[in-house]
Amino acid sequence: MDSKVVERGALENEKETPQEQEQEQVVNPWEVAAKDGGKIDYDKLIDKFGCQRLDPSFIDRVERLTSRRAHVFLRRGVFFAHRDFNEILNAYERGEKFYLYTGRGPSSEALHLGHLIPFMFTQYLQEAFKVPLVIQLTDDEKFLWKNLTVEESRRLARENAKDIIACGFDIRRTFIFSDFDYVGGAFYRNMVEISKRVTCNQVVGIFGFIGEDHIGKYSFPPVQAAPSFPSSFPHLFSGKDNLRCLIPCAIDQDPYFRMTRDVAPRIGYHKPALIESLFFPALQGETGKMSASDPNSAIYVTDSEKVIKNKINKYAFSGGQDSIEKHRQLGANLEVDIPIKYLSFFLEDDAELEHTKKEYGSGRMLTGEVKQRLIEVLTKLVERHRRARAAVTDEMVDAFMAVRPLPNMFN
Ligand code: TRP
């Protein structure tokens, strides 16, 4: 350990020395990089973070409790890790409800498919469990981390809210808020309760901040932690301090909630539970998550059919062989094939997916055919999103963001 000593034992996780980190994959809320340009090692990540694998028994259990088929993202292991999800289900089985919390840092105008994943899944959870949901837009976070003005971050938050609403959230059970607008009152009081219980050494250990970082970074984590506690929303959960919180998110957000879970019992709340997803791979291959700085690494919800077609045909990394003869003989390497990866996220039909994998893996199907099917699936998805978003008015954004009670949120 170097001189920046982390208080060991105080948190669920321990930090490695910079030397150890150099050769290792890096996953934190701001950076996702695999080791030596390879794949993200999710088993190692689970180990390092100290969360649990979501084993298949959860799928049956969720199906039983909600009386409906589990979401594709659950069936296919897109959401693959958790913390205390079993506790949420135990409580639900006893007749206790919970609330959902997720969020987005509004750093760009257009969302790509990877951004939609947690929202699509959260929408399913809301509908299946019939529970309220709070969505945090961390315009403050993006102001602090990116080269954006306060005004620009606020504008992006509202723009992104439209894409989020287009995912189909139920206005009777959903409260969307921007930090710049909502932080204050009970929310702020919780932030301060949290801040008092996290040391500098701890945030350095969890997030890797350094002495030269501005103090805005050090002070932000309690802002993302506070929505995990029901008392941050007195218009929704007044008198329900015992209500449990479930957070669907990509696994890079885990550090924030490790910190939150450490503090929770010390200020009288349940630890928030988490259900965590893989990263959606870049078109060029599975070496991390998609990069906002390279528009050809991702499919955006604003891409036209022509652009989608071109990106997939030109950039989607193929596990097929270089010649047809060789392909027929050896088949495709499905492990590295991006069209198959993308289809496994977005092709609903389990039987068709299995069939495609079998045919393509054995060489009977060619890359071009698989890409063609992917183009159809994604074009349909993006088109549906585009139409839904176009129907979201400014008044609807105001309505979702209004600080108001939700009288039927548990029914
Ligand atoms: N920090 C997240 C981002 O940059 C936004 C966020 C805030 C979030 N609260 C969350 C994401 C809760 C998942 C769950 O995108």
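Residue numbers run consecutively from 1 along every chain, following the written order of its sequence. The model is predicted, so local features are restricted to residues of pLDDT at least 70 and side-chain atom pairs to those at 80 or more, both for listing and for counting; the totals for chains, interfaces and linings are taken over all residues. With hydrogens and water excluded, all non-hydrogen atoms of the structure serve as input to the side-chain values.

In the nomenclature of an unreviewed UniProt entry, the chain corresponds to Tryptophan--tRNA ligase, cytoplasmic from the organism Castanea mollissima. UniProt positions are given in the numbering used here, feature names are shortened, and annotations may be inferred rather than shown by experiment. Reading the Subcellular location (unreviewed entry) entry of the UniProt record for the chain gives the comment "Cytoplasm".

*Asks:* Sorry, what's going on with the state of the cysteines here?
*Replies:* A covalent bond between the sulfur atoms of two cysteines is referred to as a disulfide. The definition used for a disulfide is geometric: two cysteine sulfur atoms within 2.5 Å. Here the structure, examined in full by the defined rule, presents 0 disulfides. Cys-51 carries a free sulfur, and the closest cysteine sulfur to it, the one in Cys-249, is 9.4 Å from it.

*Asks:* Help me out: how do you make sense of the pairing of strand E6 (residues 133-137) in this one?
*Replies:* As a general feature of sheets, a regular strand has side chains that alternate between the two faces. Exposure is judged per residue with a 1.4 Å probe applied to protein chains only, and the accessible area is read against the type maximum: over 50% gives exposed, under 20% gives buried, and values in between give partly exposed. Helix numbers and strand numbers start at the N terminus; a helix is a DSSP run of H or I with at least 4 residues, a strand a run of E with at least 2. With respect to burial, E6 is a largely interior element, 5 of its 5 residues being buried. Here, a strand pair is defined by DSSP locating no fewer than two bridges between the strands. As judged from the 5 bridges shared by strand E5 (residues 98-104) and E6, these two strands associate in the parallel manner. Its bridge partner being in E6, Thr-102 is matched across the sheet by Ile-135. For the handedness criterion, the β-α-β arrangement of E5, helix H6 (residues 113-129) and E6 is classed as right-handed. As paired strands, E6 and strand E7 (residues 174-178) are joined by 5 bridges and run parallel to one another. Across the sheet, Leu-137 pairs through a bridge with Ser-178, a residue of E7. We call a crossover right-handed when, viewed with both strands directed away from the observer, the connection leading from the first strand over the helix to the second proceeds clockwise.

*Asks:* How do you make sense of the site of the ligand when you look at a structure like this?
*Replies:* If even one non-hydrogen atom of a residue comes within 4 Å of a molecule or strand, that residue is called near it. Around the ligand sit 14 residues in total, of which Tyr-101, Gly-105, Glu-141, Gln-224 and Gln-253 are the nearest. One nitrogen or oxygen atom from the side chain of Gln-253 is found 3.0 Å from a nitrogen atom belonging to the ligand. Coverage of the ligand by the protein amounts to 90% of the 370 Å² it exposes when considered alone. When contributions to the shell around the ligand are tallied by element, the ones reaching two or more residues are E5, helix H7 (139-145) and strand E8 (244-250). In terms of residues, the shell around the ligand owes the most to one element, E5, which gives 4 residues. We call two N or O atoms a polar contact when they sit within 3.5 Å, provided that within protein one can donate a hydrogen and the other can accept it, with sequence-adjacent residues counted only if both atoms are side-chain atoms. Only the protein chains shown count as cover for residues, and all accessible areas are computed by the Shrake-Rupley method using a 1.4 Å probe.

*Asks:* Help me understand the sheet that holds E8, please; the structure alone is not making it clear to me.
*Replies:* The strands making up a sheet are joined through hydrogen bonds of the backbone, oriented either antiparallel or parallel. Pairing in this open sheet of 7 strands is mixed, and the strands run E3-E4-E9-E8-E5-E6-E7 from one edge to the other. Strand pairing shows two members of the sheet lacking a second neighbour, strand E3 (52-53) and E7, which therefore form its edges. By the bridge criterion, 2 bridges tie E3 to strand E4 (residues 79-83) in an arrangement that is antiparallel. In the sheet register, Gln-52 faces E4, and the bridge partner there is His-82.

*Asks:* Could you clarify how one ought to interpret the pattern of salt bridges in this entry?
*Replies:* Side chains that differ in sign of charge can pair as their charged atoms come close. A pair is scored as a salt bridge if a Lys or Arg side-chain nitrogen falls within 4 Å of a carboxyl oxygen belonging to Asp or Glu. Applying the stated criterion to the full structure yields 38 salt bridges. Here Lys-39 makes a salt bridge to Glu-286, at a shortest N to O gap of 3.6 Å. Residue Lys-39 is located in the loop between strand E2 (31-33) and helix H2 (42-49), and its partner Glu-286 is located in the loop between strand E9 (273-277) and helix H16 (305-315); the two are separated by 247 residues in the primary sequence. Given the relative accessible area of 22%, Glu-286 is considered partly exposed. Measuring nitrogen to oxygen at the nearest pair gives 3.0 Å for the salt bridge that ties Arg-75 to Asp-350. Taken together, the residues Arg-75 in helix H4 (residues 72-75) and Asp-350 in helix H19 (residues 350-361) connect sequence positions 275 residues apart. Because the salt bridges share partners, they merge into one network encompassing Arg-158, Glu-159, Lys-162, Asp-163, Arg-389, Asp-394 and Asp-398.

*Asks:* I would appreciate a short explanation of the packing of aromatic side chains in the present structure.
*Replies:* Two aromatic rings are characterised by how far apart their centres lie and by the angle between their planes. For Phe, Tyr and Trp, where Trp contributes only its six-membered ring, two rings pair if their centres lie within 6.5 Å, and the inter-plane angle classes them as stacked under 30 degrees, edge-to-face over 60, or tilted in between. Following the criterion strictly, the structure yields 40 aromatic pairs and no others. Ring centres of Phe-79 and Phe-121 lie 3.9 Å apart, and the angle between their planes is 15°; on these two criteria the pair is classed as stacked. Within this pair, whereas Phe-79 is found in strand E4, its partner Phe-121 is found in helix H6, the two being separated by 42 residues in sequence. Phe-121 sits in the buried class, given a relative accessible area of 0%. Only lysine NZ and arginine CZ atoms are considered, and such an atom sits over a ring when it is within 6 Å of the ring centre and within 35 degrees of the ring normal. Sitting over the face of the ring of Phe-49, Arg-258 holds its NZ or CZ atom 4.5 Å from the ring centroid.

*Asks:* What's the story with the side chain of Arg-83 in this structure? I'm lost.
*Replies:* Of note, Arg-83 is situated in strand E4. At 2.7 Å, the side chain of Arg-83 forms a polar contact with the backbone oxygen of Phe-49.

*Asks:* Where do I start with helix H3 (residues 57-66) in this structure?
*Replies:* For an α-helix, the turn length of 3.6 residues means that residues three or four places apart are oriented alike. What H3 keeps buried is the set Phe-58, Ile-59, Arg-61, Val-62, Leu-65 and Thr-66. The arc enclosing the buried residues of H3, seen along the axis, measures out at 165°, which places them on a common side. Counted as exposed and oriented over 90 degrees from the buried face of H3: Asp-60 and Arg-64. Here, two residues are considered to be in contact whenever any of their heavy atoms come within 4.5 Å of each other. Those residues of H3 hidden inside the fold are in contact with H4, E4, helix H5 (85-93) and H6. Arc definition: it is the arc formed by the directions from the helix axis to the C-beta atoms.

*Asks:* Would you take a moment to explain the confidence of the model for the chain for this structure?
*Replies:* Detailed conclusions should not be drawn from predicted coordinates in areas where pLDDT is low. Looking at any residue, its pLDDT shows the predictor's confidence there, from 0 to 100. Summary statistics for the chain give a mean pLDDT of 93 and a share of 93% for residues scoring 70 or more. Predicted confidence for residues 1-17 stays below pLDDT 50, and this span has 36 contacts to residues more than four positions away or in other chains.

*Asks:* What's the story with the side chain of Thr-379 in this structure? I'm lost.
*Replies:* On the secondary structure map, Thr-379 appears in helix H20 (residues 367-390). Exposure remark for Thr-379: the relative accessible area of 14% places this residue in the buried category. Ignoring any residue separated from it by four or fewer positions in sequence, one finds Thr-379 in contact with Glu-305 and Ile-308.

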